[in-house]
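Results of the structural survey
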Amino acid sequence: TISVDGVHCRFHELEDDELAKNPANYSHKFNGPGLAYELALSIYENKLVWMRGPFKASNSDLGIYQGELKGMLPVDKRVVGDGGYRDKNDPRLATPNSHDPKELQTFKARCKMRQESFNSRIKRFGCLKQNFRHSMERHGDCFDMLAQLRRPTAPFAGYSER
C-alpha cells in the first residue's frame, strides 16, 4: 500500500511563440506558472517508492497517475490519495469518503498528513521554494536530488529513476 500526491513548484513562464502566457503552465496552487511532480510513499515503511516529473502544472494529479503508475501497480496493491485522485473505475484508489468507518477515515487522513509533511520538507530548499529560472530538465534534476536526500532508505523496484 502506498500514498500518492502531486507537488507543484514555482517556475518561470516558459516561452511560447504564440501566447504571452501559456495556460498549460498555470498552477492553481499559487496562481502562476509552475511544474508538477508525482510522489508516492510506502505507508508501512519510510520509503519514497515512486517519483515522476516534471510536468506542466496544468496536468491533473489523476491524469499523471493514470499515465504510468496505475499500470505498474500489482492488482493486490492499494493507493491512498486525496480528492484529486477520485476515479470510480479504479478500485485500487482509496480517496476520502464520508461513508468509510471512522478508523478508515483516520487511517487515510494520517496517510495524507504524512505525504504532505514529506512534500513540504522537499520544498523547504531554496531552489524549490523560489521561482526557478533555469530549464525544465535542470529543475527535474534538482527535484530528483532533493527527493533522494529526503529518502531515508533504498526504493523498491518500481522507483522511476530519471
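First things first, this report covers the structure right here in the doc. Everything quoted here is computed from the prediction, not taken from an experiment.

A few points about the side chain of Arg92
Mapped onto the elements, Arg92 comes out in the loop between strand E5 (79–80) and strand E6 (93–94). Excluding its chain neighbours within four sequence positions, the residues that come into contact with Arg92 are Lys70, Leu73, Pro74, Val75, Lys77, Arg78 and Val79.

Observations regarding the side chain of Thr95
Assignment of secondary structure puts Thr95 in the loop between E6 and helix H3 (102–122). With relative accessibility at 12%, the residue Thr95 sits in the buried group. Non-local contacts of Thr95, meaning those with residues more than four positions away in its chain, are made with Gly81, Asp82, Tyr85, Arg86, Asp100 and Lys108.

Focus on the pattern of salt bridges
The final tally for this structure, using the stated rule, is 5 salt bridges. Notably, a salt bridge pairs Lys47 with Glu45, separated by 3.5 Å at the nearest N-O pair. Here Arg92 and Asp90 are joined by a salt bridge, their closest N and O atoms 3.5 Å apart. Among the residues examined, Arg92 registers a relative accessible area of 15% and is labelled buried.

Let's talk about the pairing of strand E4 (residues 48–56)
Among the 9 residues of E4, 8 are classified as buried, and the element is accordingly described as predominantly covered. With 6 bridges connecting them, strand E3 (residues 32–42) and E4 associate as antiparallel partners. Paired with Glu38 across the strands is Arg52, a residue of E4. A loop of 5 residues connects E3 with E4, the two strands running antiparallel in sequence.

Remarks on the pairing of strand E1 (residues 2–10)
Across the 9 residues that make up E1, a large majority, 8, are buried. In terms of strand pairing, E1 meets E3 through 9 bridges, oriented antiparallel. Within E3, the residue paired with Cys9 across the bridge is Leu35.

Rules used throughout
Residues numbered from 1 in each chain as written. Predicted model: local features only at pLDDT ≥ 70, side-chain atom pairs only at ≥ 80, totals over all residues. Heavy atoms only, no water. Helix = DSSP H or I, 4+ residues; strand = E, 2+ residues; numbered from the N terminus. Contact = heavy atoms within 4.5 Å. Buried < 20%, exposed > 50% of the residue type's maximum accessible area, 1.4 Å probe, protein only. Salt bridge = Lys/Arg side-chain N within 4 Å of Asp/Glu carboxyl O. Pairing = 2+ DSSP bridges.

Don't take any of this as a statement about function, it's just geometry.
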